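Geometric and topological summary
Here is what each chain is made of, one letter per residue.
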Amino acid sequence: MLNLKLISGFMIATLTCASALAQYVWVDEKGNKQFSDTPPPASTPKNRIIKSQGLSTTRPAEANDAASASKDAVNAAQKPMTTSSRNEEFNKRRAEQAEKDKKATEEQQAAADKQKNCERARSYQKVLESGQRVATTDKNGERNYLTDAQREKEAADVKKALAGCQ
């Protein structure tokens, strides 16, 4: 008696579940497989309908290459990623991030160097404008003072250098 109830319950559950299966399967315009118990939209071409009301396939044997290509794309997208491909993608992302970080660090260093050079140029400009005597050392180690012409040339050079500063 218990077995009869158990068997009949199992059969009812199986039949109920079988009716809930999708009756229509088609590939939409984006290449995604759609499963539904309602027919696909009228705009769906016949060669993209994979399953229709219990038929295993309604796609003709001479289906066009575009439909086959979209089906291949769908199948490729559904395949799970392997561990090695995940590692490759991770390493690629990590290398890209390291490159971005290195580039950002180099840009910060270049900006700091530029700021430092601008400060030096401003300081030298103040010295040249103050009228103080400016001495330089030649290759023999002797001290030479700037003449007025040299001072004007140095001031013009400093002005050009400061043009790139803020």
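To keep things clear, this report deals only with the structure shown in the data block. (Residues numbered from 1 in each chain as written. Predicted model: local features only at pLDDT ≥ 70, side-chain atom pairs only at ≥ 80, totals over all residues. Heavy atoms only, no water.)

Strand order in this open sheet of 3 strands is E2-E1-E3, and the pairing throughout is antiparallel. The outermost strands of the open sheet, each flanked by one partner alone, are strand E2 (33–36) and strand E3 (49–52). On average, adjacent strands in this sheet sit at an angle of 10 degrees to one another, irrespective of strand direction. Of the strand pairs in this sheet, strand E1 (residues 24–27) and E3 are connected by 3 bridges, and their pairing is antiparallel. Residue pairing for E3: Tyr24 is matched across the bridge by Ser52. (Pairing = 2+ DSSP bridges. Helix = DSSP H or I, 4+ residues; strand = E, 2+ residues; numbered from the N terminus. Axes fitted to C-alpha atoms, helices over the stretch in contact; angles between N-to-C directions.)

So, on to the state of the cysteines. Inspection of the entire model under this criterion finds 1 disulfide. The side chain of Cys118 participates in a disulfide bridge whose partner is Cys165; the two sulfur atoms lie 1.7 Å from each other. When the S-S torsion is -90 degrees, as for the bridge of Cys118 with Cys165, the disulfide is left-handed. Here the residue Cys118 occupies a position in helix H3 (residues 83–130), and Cys165 occupies one in the segment after helix H4 (148–163), the gap between them amounting to 47 residues. In this pair, the class of Cys118 matches that of Cys165, namely buried. (Disulfide = S-S within 2.5 Å. Buried < 20%, exposed > 50% of the residue type's maximum accessible area, 1.4 Å probe, protein only.)

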